[in-house]
Amino acid sequence: MPIVTSFNPNGRQEIKQAISYPDYALLKAKLQHVMQLDQHAGKDGKYLIRSTYFDNLANKVLNEKKEGYINRDKYRVRIYGKSSAIINLERKSKRNNVTFKSKCKISQAEYEQMRVGDISWMENDDRALIRDLYQEMNYSQLRPTTVVDYEREAYIYPFGNVRVTFDSKVQSSLRNTDMFNQNLPMVDVLEPNLVILEVKYDEYLPDIIKYLLQSVDTRAEAYSKYQLSRMYG
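Everything numeric in this text was worked out from a predicted model, so none of it was measured.

1. Describing the overall build of the protein chain
Reasoning step 1: On a plain count of helices and strands, the protein chain comes out with six helices and eleven strands.
Reasoning step 2: In terms of overall dimensions, the protein chain is globule-like: its C-alpha atoms have a radius of gyration of 18 Å, near the 17 Å expected for 233 residues.
Reasoning step 3: For the protein chain, the C-alpha atoms occupy an extent of roughly 50 × 35 × 35 Å along the three principal directions.
Reasoning step 4: When burial is assessed residue by residue, the protein chain has 48% of its 233 residues classed as buried.
Reasoning step 5: Counting only contacts in the protein chain whose residues sit at least 6 apart along the sequence, the fraction spanning at least 24 positions is 68%.

2. Re the packing of aromatic side chains
Reasoning step 1: Tallying each qualifying case throughout the model produces seven aromatic pairs.
Reasoning step 2: Consider the rings of Tyr24 and Phe166, whose centres lie 5.0 Å apart with planes at 70°: the pair is edge-to-face. Residue Tyr24 is located in helix α1 (residues 21–31), and its partner Phe166 is located in strand β9 (residues 162–172); the two are separated by 142 residues in the primary sequence.
Reasoning step 3: For the pair Tyr47 and Tyr80, a centre-to-centre distance of 6.3 Å together with 50° between the ring planes defines the contact as tilted. Highlighted residues: Tyr47 in strand β4 (residues 46–55) and Tyr80 in strand β5 (residues 71–80), separated in sequence by 33 residues.
Reasoning step 4: Within the aromatic cluster, the residues linked to one another by ring pairs are Tyr21, Tyr24, Tyr155 and Phe166.

3. Focus: the environment of Pro206
Reasoning step 1: Inspection of the secondary structure puts Pro206 in the loop between β11 (194–201) and α5 (207–213).
Reasoning step 2: You can call Pro206 buried: its relative accessible area is 7%.
Reasoning step 3: Between the C-alpha atom of Pro206 and that of Pro158, which follows or precedes it by 48 residues, the distance is 9.9 Å.

4. Comments concerning the pattern of salt bridges
Reasoning step 1: Following the criterion strictly, the structure yields 23 salt bridges and no others.
Reasoning step 2: Of the charged contacts in the structure, one is a salt bridge between Glu110 and Arg127, with a shortest N-O distance of 2.8 Å. With a gap of 17 residues between them, Glu110 in helix α3 (residues 108–115) and Arg127 in the loop between α3 and α4 (128–139) connect regions that are remote in the sequence. Neither residue differs from the other here; Glu110 and Arg127 are each classed as buried.
Reasoning step 3: Taken together, the shared-partner salt bridges connect Glu14, Lys16, Lys92, Lys94, Arg152, Asp167, Glu198, Lys200 and Lys225 into one network.

5. What about α1?
Reasoning step 1: Of the positions making up α1, those classed as buried are Tyr24, Leu27 and Leu31. Down the axis of α1, the buried set is contained in an arc of 75°. They therefore lie on one face.
Reasoning step 2: Considering only its buried residues, α1 is in contact with β2 (13–20), β4, β8 (143–157), β9, β11 and α5.

6. Observations regarding a nonpolar patch on the surface
Reasoning step 1: Among the surface-exposed residues, Leu174, Val187, Met231 and Tyr232 lie close enough to one another that they form a single nonpolar patch of about 370 Å² accessible area.
Reasoning step 2: Within the secondary structure, Val187 sits in strand β10 (residues 187–188).
Reasoning step 3: We classify Val187 as partly exposed; its relative accessible area is 31%.

7. Focus on the side chain of Glu153
Reasoning step 1: With respect to the helices, strands and loops of the structure, Glu153 is situated in strand β8.
Reasoning step 2: With a relative accessible area of 3%, Glu153 lands in the buried category.
Reasoning step 3: Excluding its chain neighbours within four sequence positions, the residues that come into contact with Glu153 are Tyr24, Lys28, Leu37, Gly45, Lys46, Val164, Thr165 and Phe166.

8. So, α3
Reasoning step 1: Looking only at α3, the buried set comprises Glu110, Tyr111 and Met114. All buried residues of α3 project into a common sector of 100° when viewed along the axis, lining one side.
Reasoning step 2: The secondary structure elements touched by the buried residues of α3 are β4, β5, α4 and β8.
Reasoning step 3: Looking one or two residues beyond α3, the residue adopting positive phi is Gly117, at roughly 85°.

About the criteria used
- Note on numbering: residues in each chain are counted from 1, in written sequence order.
- Reporting of local features is limited, given that this is a predicted model, to residues whose pLDDT is at least 70; pairs of side-chain atoms are given and counted only at 80 or more, and all residues count toward the totals for whole chains, interfaces and linings.
- Just so you know, side-chain values use all the structure's heavy atoms and leave hydrogens and water out.
- To qualify as a helix, a DSSP run of H or I must reach at least 4 residues; to qualify as a strand, a run of E must reach at least 2; elements of each kind are numbered from the N terminus.
- The globule rule used for comparison is 2.2 Å times the number of residues to the exponent 0.38, while the radius of gyration itself is calculated over C-alpha atoms.
- Each residue is placed in one exposure class: buried if its accessible area under a 1.4 Å probe, protein chains only, is under 20% of its type's maximum, exposed if it is over 50%, and partly exposed if it falls in between.
- Note on definitions: a residue-residue contact is assigned when non-hydrogen atoms from the two residues lie within 4.5 Å.
- Stacked, tilted and edge-to-face are the three classes assigned to paired rings of Phe, Tyr and Trp, where Trp is represented by its six-membered ring and a pair needs centres within 6.5 Å; plane angles under 30 degrees give stacked, over 60 edge-to-face, the rest tilted.
- The term salt bridge refers to a pairing of a side-chain nitrogen on Lys or Arg with a carboxyl oxygen on Asp or Glu at a separation within 4 Å.
- The directions considered for the arc run from the helix axis to the C-beta atoms.
- Residues with no salt bridge and a relative accessible area higher than 30% make up the patches, which join like charges within 9 Å and nonpolar side chains (Val, Leu, Ile, Met, Phe, Trp, Tyr) within 5 Å.
- Accessible surface is estimated by sampling points in the Shrake-Rupley manner with a 1.4 Å probe; for residues, cover comes only from the protein chains shown.

Okay, here's the thing in structure tokens:
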């Protein structure tokens, strides 16, 4: 398997906020005039993301999120459109409220090994992220815990490397981690009249984007899809 790893050493600033559907429609109409639709979007401008999040029996990751730890890590395996064509292991890290993300490609077979606790092969893998996850799975007993689905609509702006996304139809598999099952049972965990707005940027947010965001309440409140997915256990 080719070794493909990415990492942003400088980190990203991030705003997350649940907004009403009318606010979403208003903001989207404005952003379309200055931002480009993400190239991965389908004909309707949206695409499906499915992620499996890792945690342990003590809910280490969930509790660190709830308690607002300024330094924490979250591991997930992500696919698109329920397809196994692209499978990424990702680690999203917070360091003093700055977000860092690392990722590498894995295979479906490797995910299934992680899922059943067959992890000895990970200890000396060529991919650093696999080795890091091995440490967490070995010492903190992290395991695939829940699958989360949602539809994403994304817009990009080159100056400041700005990315604005709207996530809707957030669903959870509860404790079922069979993520490649096309018919995996899912339950809704986000109110149908809400959309999760995420704004990500590097060192600065351009004034034009700031101005457009003023039409909605965009205080930097964390709104975690993983936390939503665990609301039923």
